[in-house]
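# Observations on chain architecture
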Amino acid sequence: MRISARTQYALRAVAELAAAPPGPVPAEKIAVAQNIPRRFLDNILLQLRRAGIIHSQRGPEGGYWLARPAEKITLADVIVVVEGSPEHSERADYPGVAGPLADVWSALREYEKTLLSEITLAHITKNALP
């Protein structure tokens, strides 16, 4: 699986929100803390807000916060918002002795999906992977 820079930024931004004390976190604070270009971050935050992963508030006391507890947001939730749902590719058929490789690739994709669906933002912020 290839994780785009956009997805890495999104995961870093929501991890920053998960680790923040209660209340709105300004986008500028997230951008500086995670070294994310501000204009790029603004687009990512908009996408995450529209998907219901985060909430926002405008104004001098405004910012962003998680829409659900960090324990309820998985890495897969964020990745699907940014990257979209993975396409279901048909099983490849390799000739001869290479045939079992198709099963390896399928198992690897399933493992990635399972792992990303088990790891929450709380795991990340507590440095306690399952």
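Above this text sits the structure in question.
Residues numbered from 1 in each chain as written. Predicted model: local features only at pLDDT ≥ 70, side-chain atom pairs only at ≥ 80, totals over all residues. Heavy atoms only, no water.

## Structural notes on the pairing of strand β2 (residues 63-66)
Short version of the rule: Paired strands, as defined in this entry, are two strands with at least two bridges between them according to DSSP. Working definition: helices are DSSP H or I runs of at least four residues, strands are E runs of at least two. Numbering for both runs from the N terminus.
For strand β1 (residues 54-57) and β2, the ladder comprises four bridges, and the chain directions are antiparallel. Across the sheet, the residue bridging to Q57 is G63, located in β2. Adjacent in sequence and paired antiparallel, β1 and β2 are bridged by five residues, among which G59 carries a positive phi angle near 105 degrees.

## Side note on the packing of aromatic side chains
Filter applied, for reference: Pairs were defined over the aromatic rings of Phe, Tyr and Trp, the Trp ring being its six-membered one, requiring ring centres within 6.5 Å. Orientation was assigned from the angle between planes: stacked under 30 degrees, edge-to-face over 60, tilted for the rest. Buried, partly exposed and exposed residues are distinguished by accessible area as a fraction of the type maximum, computed with a 1.4 Å probe on protein chains only: under 20%, between the cut-offs, and over 50%, respectively. Counting as a charge over the ring demands two things of the Lys NZ or Arg CZ atom: a distance within 6 Å of the ring centre and an angle within 35 degrees of the ring normal.
Counted under the stated rule, the structure contains one aromatic pair. With 5.4 Å between their ring centres and 80 degrees between their planes, Y9 and F40 make a pair best called edge-to-face. Taken together, the residues span a long stretch of sequence, with Y9 in helix α1 (residues 5-19) and F40 in helix α3 (residues 38-50) at a distance of 31 residues. You can call F40 partly exposed: its relative accessible area is 30%. The ring centre of F40 lies 5.5 Å from the NZ or CZ of R6, which sits over that ring.

## Some points on the environment of Q34
Convention followed: Should any heavy atoms of two residues lie within 4.5 Å, those residues are counted as being in contact. Pairs of N or O atoms within 3.5 Å make up the polar contacts considered here, provided that, within protein, one atom can donate a hydrogen while the other can accept it, and that residues adjacent in sequence are counted only when both atoms are side-chain atoms.
Within the secondary structure layout, Q34 lies in helix α2 (residues 27-34). Considered as a pair, Q34 and R49 are 15 residues apart in the sequence and their alpha carbons are 19 Å apart. In this structure, Q34 is in contact with R12 and E16, ignoring residues within four places of it in sequence. Engagement of the side chain of Q34 in a polar contact is seen with the side chain of E16, the distance being 2.7 Å.

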